[in-house]
Amino acid sequence: MFINGEWTMGSDNRTQPVHNPADNSVLADFPLASEADCLAAVSAADDAMEVWASTPARERGEILRRAFEIMVEEKDQLTQVIVAENGKAWRDAAAEAAYAAEFFRWFSEEAVRIGGEFRRSPSGDKDLLVTPEPIGVSLLITPWNFPAAMATRKLAPALAAGCTTILKPASETPLTAAYVVDVLNRAGVPQGVVNLILPSPVGKLVGRILQERAVRKLSFTGSTEVGRILLQEAAKTVVSSSMELGGNAPFLVLPEADVDAAVEGAMIAKMRNGGSACTAANRFYVHTSVYEEFSKKLSAAMAATKMGPGTDESNELGALVSMEERDKVAELVSTAVGQGAQVMVGAETPDGGAFYPPTVLRDVSHSMDIAATEIFGPVATLIPFEEIDDAVEMANDTDLGLIAYVYGNLEDGLATARQLEAGMVAVNRAVLSDPAAPSGGIKQSGLGREGGFEGIDEFLETKLVGINPIN
Ligand code: ADP
């Protein structure tokens, strides 16, 4: 763990193994943080707050810029670490390493653009200085599916805003987080500004951290279930919370869609990161006029996808993060098949590591469990529809609202996009992720936005200073 500028094994020398899910080997033993370690991280971040907040924005930006440069230079090493502990395909890991670095670049540029306003009250009796200030010590909790990018997407805006941080990575993928923190350390982040801990037991200790008065921000990416628990914890001390939670992304193929483009998009929206993305297309609503063609072409593309360890760069689909995750996916598929879904390709669990093959299920109905559950694996479910309005209604029939995909002519696509209940809609394309794009969900998919101009606002609080009018 990394506390107050130093790598340490922690106060009670407990560790947990980190596994390579491609072969179940143990990669490392990672230190677990006790309550004392957690409080030491909070106090280091608290002590560093004043200096970091008053460090000129340009200097904070330059440190982030250096972190970007180091990460780009070392992208192969970072990719290797991601592949080893997460299991994803090399190309996914390499794309993630590049994407992760971009958050440092984007927010190095945003650091110097934090504005403020000078206003006069309507009655003319006072002048108002409206100044954004760093919100304070920020607890950043990240998942295992994008272990580098989800960390930089939080660290970069927090640091750009002048906040000090405690990063809590997923227990499956702490090595990537350690790499990212090491990059920041080498880039010149002062002592105490970035801390890295893996608290255990996690629920109790994260709750404990949130009770500390110094901690003013919680930024979480993970499941809606854990997000709800954390919001309750944060409520006790009224900690500002940003939440990137689960998705259940619909992918609509409208009557006049270019089927080849839709299949190509489906392969990316479904298979990027092996389907382990909250933005992954989860259920495909396909117009009956193109259903047969789409189903055949998608199945062929899925069948042609090469699966195997991410260390072999020719593999397009790697392992899931753990055997447990693989079993969850297999279970969802077998339940769907039991409920009448037809297997077009895949659905057979191989022996060995945590692999699950590219799978297409057709004749799925909207009411099946698999259409209501975030699959988080390489499984596409095809549901036919007759009327666009029905497809929209089914797409919106969920408590989640992160992202939706639409393929069709531009007019239908845009009209449908406006009706879809999602924080993000991709029309005739399969990836929206970009450091410049404000990402986030509505309904129970989250609170707040990450990236874009909005991302830094989550780490700023408005301070009002009123004075007599300056004449
Ligand atoms: P995923 O479905 O991506 O595994 P989780 O919500 O389970 O999502 O995990 C996301 C992050 O939340 C991880 O860092 C995990 O360790 C952490 N986490 C899990 N349970 C808790 C909890 N009760 N309190 C705080 N953090 C938790």
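Calculation criteria
Residues numbered from 1 in each chain as written. Predicted model: local features only at pLDDT ≥ 70, side-chain atom pairs only at ≥ 80, totals over all residues. Heavy atoms only, no water. Pairing = 2+ DSSP bridges. Helix = DSSP H or I, 4+ residues; strand = E, 2+ residues; numbered from the N terminus. Axes fitted to C-alpha atoms, helices over the stretch in contact; angles between N-to-C directions. 1 Å grid on protein atoms, 1.4 Å probe; cavity = no way out; pocket = protein on both sides within 12 Å on 5 of 7 lines; lining within 4 Å. Points joined across faces, edges and corners; volume = space filled by probe spheres on them. Domains from an automatic or database assignment. Contact = heavy atoms within 4.5 Å. Buried area = accessible area lost by both parts, 1.4 Å probe. Salt bridge = Lys/Arg side-chain N within 4 Å of Asp/Glu carboxyl O. Polar contact = N/O pair within 3.5 Å; in protein donor to acceptor, adjacent residues only side chain to side chain. Phe/Tyr/Trp six-rings, centres within 6.5 Å; stacked < 30°, edge-to-face > 60°. Buried < 20%, exposed > 50% of the residue type's maximum accessible area, 1.4 Å probe, protein only. Lys NZ or Arg CZ within 6 Å of the ring centre and 35° of its normal. Parallel < 35°, antiparallel > 145°, perpendicular 65-115°, else oblique. Left-handed = near helix turned anticlockwise from the far one by under 90°. Nonpolar A, V, L, I, M, F, W, Y, C, P; charged D, E, K, R; others polar. Right-handed = clockwise from strand over helix to strand, strands pointing away. Near = heavy atom within 4 Å. Areas by Shrake-Rupley, 256 points an atom, 1.4 Å probe, with all protein chains shown as cover. Sits in = over half its atoms within 2 Å of the grid points.

The next thing to look at is the sheet that holds strand β6 (residues 127-134). Overall, antiparallel pairing links the three strands, which are arranged β5-β6-β22 in an open sheet. Across the chains shown, the open sheet's two edge strands, defined by having one partner strand only, are β5 (117-120) and β22 (460-467). Across the sheet, the mean angle separating the axes of adjacent strands is 25° when strand polarity is ignored. With eight bridges joining them, β6 and β22 adopt antiparallel strand pairing. Residue pairing in the sheet places V130 in a bridge with L464 of β22.

Let us now look at the layout of surface pockets. Of the pockets and cavities examined, the largest pocket occupies roughly 1300 Å³. If you trace the largest pocket, you find 49 residues lining it, with W144, G222, S223, E225 and V226 closest to the centre. Those elements giving two or more residues to the lining of the largest pocket turn out to be α7 (202-211), β10 (215-221), α8 (224-236) and α11 (323-338). If you tally residues by element for the lining of the largest pocket, the top one is α8, at seven residues.

For the chain, the domain assignment lists domain 1 (2-245 + 445-467) and domain 2 (249-435). With centres defined by C-alpha atoms, the gap from domain 1 to domain 2 works out at 31 Å. Facing 27 residues of domain 1, the contacting portion of domain 2 comprises 34 residues. When domain 1 packs against domain 2, the two sides together hide about 2300 Å² of surface, and 57% of this comes from carbon and sulfur. Looking at the side of domain 1 facing domain 2, the largest losses of area belong to W90, W144 and S445, adding up to 24% of the total buried there. Taken together, the links from domain 1 to domain 2 amount to zero salt bridges. The tally of links from domain 1 across to domain 2 stands at 10 residue pairs in polar contact (both at pLDDT 80 or more).

Enumeration over the complete set of coordinates arrives at eight aromatic pairs. Seen from their ring centres, W144 and F376 are 5.5 Å apart, and the 85° between their planes marks the pair as edge-to-face. With W144 in the loop between β7 (137-141) and α5 (149-161) and F376 in the loop between α12 (369-372) and β16 (379-385), this residue pair connects regions lying 232 residues apart in the sequence. Taking the centre distance of 4.8 Å and the plane angle of 40° together, the rings of F251 and F284 count as tilted. With F251 in strand β12 (residues 249-253) and F284 in strand β13 (residues 281-287), the pair connects residues that are 33 residues apart, well separated along the chain. Since its relative accessible area comes to 0%, F251 is described here as buried. Ring-pair connections join several aromatic residues into one group, and the members of that group are F251, F284, F294, Y405 and Y407. One Lys or Arg, K217, reaches over the ring of F459 and ends 5.9 Å from the middle of that ring.

With that out of the way, let us pick up the packing of helix α2 (residues 57-73) against helix α4 (residues 90-110). Closest axis-to-axis distance for the α2/α4 pair is 7 Å, and the angle between their directions is 160°. By the angle between their directions, the pair α2 and α4 is classed as roughly antiparallel. Note that α2 runs across α4; the crossing there is left-handed. Note on element contacts: α4 touches α2 through A97, A100, A101, E102, F104, R105, F107 and S108, opposite G61, L64, R65, A67, F68, M71 and V72. Tallied by class, residues from the contact of α2 with α4 come to 10 nonpolar, two polar and three charged.

In terms of burial, β7 is largely enclosed, as five of its five residues are buried. Here β7 shows a buried face lined by V137, L139 and I141 and a second buried face lined by S138 and L140. As paired strands, β7 and β10 are joined by five bridges and run parallel to one another. The partner of L140 across the bridge, within β10, is S219. Pairing of β7 with strand β8 (residues 165-168), which is carried by four bridges, proceeds in the parallel orientation. Bridging across to β8, L139 finds its partner in I166. This β-α-β element, β7 to α5 to β8, shows right-handed connectivity.

Moving on, we get to the site of the ligand. What surrounds the ligand is a group of 16 residues, the closest being T142, W144, K168, F220 and S223. Here an oxygen atom of the ligand and a side-chain polar atom of W144 are 2.9 Å apart. In this structure, S223 approaches the ligand through a side-chain N or O atom, which is 2.7 Å from an oxygen atom. Out of a free accessible area of 550 Å², the ligand has 78% covered by protein chains. Here the ligand is seated within the largest pocket.

Applying the stated criterion across every chain, the model contains 25 salt bridges. For R105, the salt bridge identified is with E102, shortest N-O distance 3.1 Å. With R105 and E102 both in helix α4 and three residues apart, this pair spans about one turn of that helix. The residue E117 makes a salt bridge to R119 at a minimum N-O spacing of 2.7 Å. Note on E117: relative accessible area 44%, which makes it partly exposed. The partly exposed category is assigned to R119, whose relative accessible area is 39%. Salt bridges sharing common partners tie together R153, K154, E244 and E450.

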